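Survey of secondary and tertiary structure
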Amino acid sequence: FSIGFEEESFDESPHASTVARLIGSDHDVRMLSAGTALQELPGLLERLDEPIADSSLLPTCLLCRHARRKVTVALGGDGADELFAGYDPFKALRYAAWYGRLVPRPLHAGIELAIAALPVSHGYMSLDFRLKRTLRGLRHPPPMRLPAWMGPLSPRELQELEGVPIDVEDLYSEAIEAWEQCRSPDPVDRATAFFIRLYLQDDILPKIDRASMLNSLEVRSPFLDIEVADFARRLPARFKLRGSTTKWLLKRAAAQVLPADIIHRRKQGFAMPVGQWFADGSIAVDPGRGADSRFWKRLCDEHLWKRADHRLALWAKLLADEVDPIPAPTA
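Below: a short report on this structure. Each chain carries its own residue numbering, running from 1 in the written order of its sequence. Only residues with pLDDT of 70 or above have their local features reported here, since the model is predicted, and side-chain atom pairs are shown and tallied only from 80 upward, although totals for entire chains, interfaces and linings are computed over all residues. As a rule here, side-chain values cover all heavy atoms of the structure and leave hydrogens and water aside.

Moving on, we get to the overall build of the protein chain. A count of helical and extended segments in the protein chain gives 18 helices and 4 strands. Radius of gyration here uses only the C-alpha atoms, and the compact-globule reference equals 2.2 Å multiplied by the residue count raised to the power 0.38. For 331 residues, the compact-globule formula gives about 20 Å, and the C-alpha radius of gyration of the protein chain, at 21 Å, lands near that figure. By residue count, 45% of the 331 residues in the protein chain fall in the buried class. Within the protein chain, contacts between residues separated by at least 24 positions form 72% of all contacts whose residues are at least 6 apart in sequence. Working definition: helices are DSSP H or I runs of at least four residues, strands are E runs of at least two. Numbering for both runs from the N terminus. Partly exposed describes any residue whose relative accessible area lies between the buried limit of under 20% and the exposed limit of over 50%, with all areas from a 1.4 Å probe on protein chains only and scaled to the type maximum. Contacts were defined at the residue level, with two residues in contact if any of their heavy atoms lie within 4.5 Å.

Once that is clear, we can look at the packing of helix 8 (residues 142–150) against helix 11 (residues 173–181). At their nearest, the axes of helix 8 and helix 11 sit 8 Å apart, and the two run at 135° to each other. Here helix 8 lies oblique to helix 11, going by the angle between them. Between helix 8 and helix 11 lies a crossing of right-handed hand. Every residue of helix 11 that contacts helix 8 at Pro142, Pro143, Met144, Leu146 and Pro147 is listed here: Ala175, Ile176, Trp179 and Glu180. When residue character is reported, Ala, Val, Leu, Ile, Met, Phe, Trp, Tyr, Cys and Pro are called nonpolar, Asp, Glu, Lys and Arg charged, and the others, Gly included, polar. For the contact of helix 8 with helix 11, the class distribution of residues is 8 nonpolar, no polar and 1 charged. The convention used is that axes are lines fitted to C-alpha atoms, helices contributing only their stretch in contact, and that angles between N-to-C directions extend from 0 to 180 degrees. In these notes the angle categories are as follows: under 35 degrees is roughly parallel, over 145 is roughly antiparallel, 65 to 115 is roughly perpendicular, and the rest is oblique. For a crossing to be left-handed, the near helix must be turned anticlockwise from the far one by less than a right angle; the clockwise case is right-handed.

Right, let's get into a negative patch on the surface. A cluster of acidic side chains, namely Asp167, Glu169, Asp170 and Glu180, defines a negative patch on the protein surface. Along the chain, aspartate 167 falls in the loop between helix 9 (155–162) and helix 10 (168–171). Candidate patch residues must exceed 30% relative accessible area and have no salt bridge, after which like charges are joined if within 9 Å and Val, Leu, Ile, Met, Phe, Trp or Tyr side chains if within 5 Å. Areas reported as accessible are Shrake-Rupley estimates using a 1.4 Å probe. Residue values count occlusion only from the protein chains shown. Just to be clear on terms, a salt bridge is a Lys or Arg side-chain nitrogen sitting within 4 Å of an Asp or Glu carboxyl oxygen. Positive charges come from Lys and Arg, negative ones from Asp and Glu, while His and the chain ends are left out of the count. Charged side chains are reduced to one point each, which is NZ for Lys, CZ for Arg, CG for Asp and CD for Glu.

Two aromatic rings, drawn from Phe, Tyr or Trp (for Trp, its six-membered ring), form a pair once their centres lie within 6.5 Å of each other, and the interplanar angle then sorts them: stacked below 30 degrees, edge-to-face above 60, tilted otherwise. Scanning all chains against the criterion turns up 9 aromatic pairs. Judged by centre distance (6.5 Å) and plane angle (70°), the ring pair of phenylalanine 84 and phenylalanine 223 falls under edge-to-face. Here phenylalanine 84, found in the loop between helix 4 (80–83) and helix 5 (88–102), pairs with phenylalanine 223, found in the loop between strand 4 (218–220) and helix 13 (226–234); they are 139 residues apart in sequence, far enough to count as distant. Here the aromatic cluster, defined as three or more aromatic residues joined through ring pairs, consists of Tyr87, Phe90, Phe194, Phe195 and Tyr199. Here, a charge over a ring means that NZ of Lys or CZ of Arg falls within 6 Å of the ring centre while also lying within 35 degrees of the ring normal. Of note, arginine 311 hangs over the ring of phenylalanine 129, and the distance from its end group to the ring centre comes to 4.4 Å.

Turning to the side chain of aspartate 54, a few remarks are in order. Locating aspartate 54 in the fold gives a position in the loop between helix 2 (34–46) and helix 3 (57–68). Overall, the relative accessible area of 16% leaves aspartate 54 in the buried class. Setting aside residues up to four positions removed in sequence, aspartate 54 forms contacts with Tyr199, Asp203, Ile204, Lys207 and Trp315.

By the definition in use, this model includes 20 salt bridges. As a salt-bridge pair, arginine 265 and glutamate 12 come within 3.3 Å of each other at their nearest N and O atoms. With arginine 265 in the loop between helix 15 (260–263) and helix 16 (274–279) and glutamate 12 in the loop between strand 1 (2–4) and helix 1 (13–23), the pair connects residues that are 253 residues apart, well separated along the chain. Among the residues examined, glutamate 12 registers a relative accessible area of 24% and is labelled partly exposed. Residue lysine 317 pairs with aspartate 321 through a salt bridge whose shortest N-O separation is 3.4 Å. Here the residue lysine 317 and the residue aspartate 321 both occupy positions in helix 18 (residues 311–323), the gap between them amounting to 4 residues, near one helical turn. For the residue pair lysine 317 and aspartate 321, the accessibility class agrees, reading buried in each case.

A few words now on empty space enclosed by the protein. Any space left empty among the atoms is revealed by the rolling of a water-sized probe across them. For cavity detection a 1 Å grid was placed over the protein atoms alone, and a set of points counts as a cavity when a 1.4 Å probe fits there but cannot get out; an open set counts as a pocket when protein lies on both sides within 12 Å along at least five of seven lines, with lining residues being those that have an atom within 4 Å of a point. Grid points are joined across faces, edges and corners, and a volume is the space filled by probe spheres set on the points. Overall, the coordinates contain 1 cavity of 30 Å³ or more when judged by the stated rule. In this structure, the largest cavity is lined by Leu41, Leu44, Leu45, Ile52, Asp54, Ser55, Leu57, Leu58, Trp315 and Leu319. Elements with a contribution of two residues or more to the lining of the largest cavity: helix 2, helix 3 and helix 18. Counting residues per element, the lining of the largest cavity draws most heavily on helix 2, at 3 residues.

Quick look at the layout of surface pockets now. Computed from the structure, the second largest pocket encloses a volume of approximately 600 Å³. As for the second largest pocket, its lining consists of 21 residues, and the residues nearest its centre are Ala116, Lys132, Arg136, Arg139 and Glu157. Contributions of two or more residues to the lining of the second largest pocket are made by helix 6 (105–116), helix 7 (127–137) and helix 9. If you tally residues by element for the lining of the second largest pocket, the top one is helix 7, at 6 residues. When the residues that make up the lining of the second largest pocket are grouped by side-chain class, the tally is 9 nonpolar, 2 polar and 10 charged.

Before going further, it helps to spend a moment on the nonpolar core. Ranked by internal contacts, the top residues of the largest apolar core, which has 40 residues, are Met272, Phe278 and Trp315. Residue assignment for this core shows that the elements contributing at least two residues are helix 2, helix 3, helix 9, helix 12 (187–213), helix 16, helix 17 (293–304) and helix 18. Excluding anything up to four places from it in sequence, phenylalanine 278 contacts Ile283, Ala284, Val285, His303, Leu304, Arg311, Leu314, Trp315 and Leu318. Only buried Ala, Val, Leu, Ile, Met, Phe, Trp, Tyr and Cys residues count toward a nonpolar core, and they belong to the same one when joined by side-chain atoms within 4.5 Å.

The next subject is the state of the cysteines. Only a pair of cysteine sulfur atoms within 2.5 Å qualifies as a disulfide here. Inspection of the entire model under this criterion finds 0 disulfides. Free of any disulfide, cysteine 61 has its nearest cysteine sulfur in cysteine 64, 6.7 Å distant. Using a relative accessible area of 7% as the deciding quantity, one classes cysteine 61 as buried.

Taken by themselves, the reported measurements are silent on function.
Printed below as a string of structure tokens:
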């Protein structure tokens, strides 16, 4: 079972079909549009214990519903990226160390300004998005780079939104703790600790748990079997990230089963094309009328006119408004 998108860079269903043919399984695809997303979102949020601003929650929920029509138990791949260094930030860590030694801070500010002028593309993990996010993280010391890369808003934007000074160390305290408590000096191992303690525990697993249980589907995660997890955590980092190859050991293991063009595809998360949907008006947020309305209007305008990519922040705003709607003006 898979969920596809009309936007080509987000659509993995052709690759899923290829693998289905190779292993001889029946493949069932459903497409997800902006209209369907907006239609499904309110009902989904009503049934959650708390809002989850990861946009992949919605297609994951629909995928579980889709699968539950025919099966009661499914297997998920959660944990593989955290345990075997599968995410793009793992690769960025090595370049970040080199960059930090060679590029002085004043020059970094100039590079950020130059990269900010790149035209915005709303394709999946486009070059401009990755460069801008990476440079945003490089403003900070190593323990803070991962949350700075991944967060919807930068500390400066949060300060503008809240109207009060933001203590960056306090903001990223959990990430700093995960990084510094890791006994290994290798940045790959330290990043693994961050992803397991925060991203896997507080986002990925609650997401699949909510999405599956809401549809009475049991999803099991073989990579999180305790023996597999213990084995992975004892592995030296070179068996996880080798050069620019992530999940190196897993890819070697799969080489006898899957073709190279599938194994070595660029890593892709289960994301929706919300950046494009915000840009073309398929979905929109109300900037509101309160003290923060000017901030949200600026982000909406910059995104609409492709001056910046605020997809993560705008999606979080959309969810927050669904959970706690903006009150109508009084007469």
